[in-house]
Structure formats: C-alpha cells, structure tokens
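Overview (structure and organization)
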Amino acid sequence: MPVDRALYDVLKIEPSADESQIRKAYLLQAMKHHPDKNPGDKQAEEMFKKISDAYQILSDPDKRRLYDEHGTTKQEDLIDPKLIFKNLFGGDKFVSLIGESLFAAALKNADKLSAEGQSNDEIKSMFDEAISSSKAKKNCTDLTEYSEDDVNTSLHKNIKIMHEYLMAKCSPYVKELCTRSEFEQAIQDEIKSLRSESFAKEIFNAVGYVYKYRAHQVLKRGKLLGIPCVLKGMRDIGHSVSTIYGTVKAAQMIKRSQDIENKSPTDLEAMIMNFFWKETVLEIEMKTRKVLDIYLCGSNGKHELTKRAEAVAIIGELYSTV
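Cut-offs applied
Residues numbered from 1 in each chain as written. Predicted model: local features only at pLDDT ≥ 70, side-chain atom pairs only at ≥ 80, totals over all residues. Heavy atoms only, no water. Helix = DSSP H or I, 4+ residues; strand = E, 2+ residues; numbered from the N terminus. Phe/Tyr/Trp six-rings, centres within 6.5 Å; stacked < 30°, edge-to-face > 60°. Buried < 20%, exposed > 50% of the residue type's maximum accessible area, 1.4 Å probe, protein only. Lys NZ or Arg CZ within 6 Å of the ring centre and 35° of its normal. Salt bridge = Lys/Arg side-chain N within 4 Å of Asp/Glu carboxyl O. Axes fitted to C-alpha atoms, helices over the stretch in contact; angles between N-to-C directions. Left-handed = near helix turned anticlockwise from the far one by under 90°. Contact = heavy atoms within 4.5 Å. Core = buried A, V, L, I, M, F, W, Y, C linked by side-chain atoms within 4.5 Å.

Observations regarding unusual backbone geometry
In this structure, Lys 12 takes a positive phi of about 60° despite not being glycine. Mapping Lys 12 onto the fold places it in the loop between helix 1 (6-11) and helix 2 (19-33). Of note in this structure, Glu 176 is not a glycine but carries a positive phi near 60°. Here Glu 176 lies in the loop between helix 9 (154-174) and helix 10 (180-194).

Here is the structure:
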C-alpha cells in the first residue's frame, strides 16, 4: 500500500489500478474539468492541473513507485496539463487525417460523461435522445449538412484540411514521381509516427475501411457513378448502418434499468465513454467519405482518376492492417 493515496483519490481510483484504469480515469476526470469546458472557473482550472499532475506521476512506473514509497516525487519535469490532454486524444497529430473529431467531441460531451449526481431517469433520457439521433442517420452515409458555400463553419474547415492533406500525400504517386514501393514506405512511415498515439488503431482502421471501399468502387467500375459524384453502394450503406447500430446498441445498454442500477459510477462512466467513442467513429467515417468524394471527383481524366484511386486503395490497405 502507498504511504499516501492523495493522487489516487484525485483520479478516483484504487492504488491497485493498472495502467489502463489510470488512463481511463484520467480521461474521465480531465474532460469534466478542462478549462475550455469551464471558462473563467479558477477552481476547475486548478482541479484540471491536479488531475494532470496525478496522471503524469501515476502513469510513469518510476514516478509511481517513488510516490508509493515516499508520498512524494519530483514535479519539475511535469508538462502542460492541456498538452497532456490533447496528446491522449491524438492531439494535433491526427487533425490532418480526421479533423478535430476526438478533441472536440471530448469537450463537447464532457458534461455528459459523469454519472455522479445524475438520476437513473436523467441518464435514460440522455440516451433516449442519443438513440433517436443515431437512428435518424440510418439512411445517410454522407454529411448532408456539408455545404461548399459555408466556408466559415468548423465542418467546412475540417473537410478542407483533410482534403488538402490527402492531395499532398497522394501527389507523388499520382504524378508518378515515386514507385509504388516508395509510396507504400512513405505511408508506413506515417503510420509508425502515429502508432503510439491514443486511439491510433481505431482511427486508422475507420479511415482505412472507407478508403479501401471507395477506391475499390472506382477501380472496379473504371468510372464515377451517380450524380453529383457520390460513390455509394449497398456494402457501404450496410457498413454505415452497422456502425450506427453499434452506437445505438451502446446507448441502449446504458439505458436499461438493470445496467444503470447495478453499475458503479466508474463502470457506468466507462460505458458512456464507449458510446461517445462509437459516435466519434461514425463522424470520422462520414467526413472521410465526403473528403474522398471531393478528391476523386476532382480528377482530370480517367488516367488521373485511376492513379488517385490506386493511391487511396494503397493507403486504405495499410491503414487497415494497423
């Protein structure tokens, strides 16, 4: 047993908590007290710093051992609390690939993640709304709210960033400035640089599926089908419905009376976090489809279309193996 359990109490965990439990507890507490979620609240800002300090110490084996044995540890090498939080949500490193989905969603839903102080009826009501919202998307595989004219919206800015990143990444292959093996190595290097980030596997797999399927449609048919240049198929729609179903199912699991009444606040918060992650995956996939529609529809002729589709297919295959 540690001589002092104050840092464990800050994260609301037991001293026996493993690395995964420490990380999950940090995310839950940090999202509730993040300064961007509580502007002008000095108490929340101070709590956010305490949560960050506790996580940095308890997530480091050497610092944790020193703390457990002596009740103290060096704190001069602790880094900015906001930077820690952003890094755990992929930070800025995934913005070019998926936009600001994870970080923005985390803050947006922070007040919903706490099971403390909420009655069973309030939690059920919250997830009734979530289920209705997800079911409303069941026939939609694309971002219907996206408009090229709304240049000042965060969605438009995200799509623009993602599209420019994809164009720059594929350009050497499309313009035949590199071989296929050289292009594959460049993508492998990108994956390697991001592999240790939080949710890296889930992000790469979500994007990889959409890349593979949409590129396959172009390469198999040799042309773009549909107006206005939207690539759809039964399998694509089926995958989206499956993703939405998973989101709805996660919400329904939480909403059931027995699940709410028999779960501890910590377990319930973990279930809620799982729901919001599934909701984020759906958003990532829909934005990625929109980016690919823009990218593939911007091809000048069949040859360039084929090269762009090949580049997207290669990236999709490699992302899917992460």
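Right, picking up where we left off after that structure.
Description of the packing of aromatic side chains
Inspection of the entire model under this criterion finds seven aromatic pairs. Centre to centre, the rings of Tyr 209 and Tyr 213 are 6.4 Å apart; their planes meet at 0°, and the pair counts as stacked. Placement of both Tyr 209 and Tyr 213 in helix 11 (residues 200-221) is noted, with a separation of four residues, approximately one turn of the helix. The exposure class of Tyr 209 is buried, given its relative accessible area of 16%. Plain terms: the ring middles of Tyr 211 and Tyr 319 are 6.0 Å apart, the flat faces sit at 25° to each other, and that makes the pair stacked. Within this pair, whereas Tyr 211 is found in helix 11, its partner Tyr 319 is found in helix 15 (residues 302-320), the two being separated by 108 residues in sequence. Of the two residues, Tyr 211 and Tyr 319, neither departs from the other in class, the shared state being buried. A cation over a ring is seen here: Lys 307 above Tyr 173, with NZ or CZ 4.1 Å from the ring centre.

Description of the pattern of salt bridges
Any two side chains of opposite charge can pair, so long as their charged atoms come close to each other. By the definition in use, this model includes twelve salt bridges. Of the charged contacts in the structure, one is a salt bridge between Glu 69 and Arg 65, with a shortest N-O distance of 3.8 Å. Placement of the pair is Glu 69 and Arg 65 together in helix 4 (residues 61-70), with a separation of four residues, close to one helical turn. For Glu 69, a relative accessible area of 44% corresponds to the partly exposed category. Overall, the relative accessible area of 44% leaves Arg 65 in the partly exposed class. Residue Glu 164 is joined to Lys 160 by a salt bridge in which the shortest nitrogen-to-oxygen separation is 2.7 Å. Highlighted residues: Glu 164 and Lys 160, both in helix 9, separated by four residues, approximately one helical turn.

Focus: the packing of helix 11 against helix 15
Their axes nearest at 7 Å, the elements helix 11 and helix 15 cross at an angle of 145°. The handedness of the crossing between helix 11 and helix 15 comes out as left-handed. Counted together, Phe 204, Asn 205, Val 207, Gly 208, Tyr 209, Tyr 211, Lys 212, Ala 215, Val 218 and Leu 219 of helix 11 and Leu 305, Thr 306, Ala 309, Glu 310, Val 312, Ala 313, Ile 315, Gly 316, Glu 317, Tyr 319 and Ser 320 of helix 15 form the full contact between these two elements.

Some thoughts on the nonpolar core
Ranked by internal contacts, the top residues of the largest apolar core, which has 42 residues, are Leu 97, Phe 204, Tyr 211 and Tyr 319. At the level of elements, helix 6 (95-98), helix 9, helix 10, helix 11, helix 14 (265-297) and helix 15 are the ones that each hand at least two residues to this core. For this core, the element with the most residues is helix 11, which contributes eleven residues. With residues near it in sequence (within four places) discarded, Phe 204 still touches Phe 94, Leu 97, Ile 191, Leu 194, Tyr 319, Ser 320 and Val 322.

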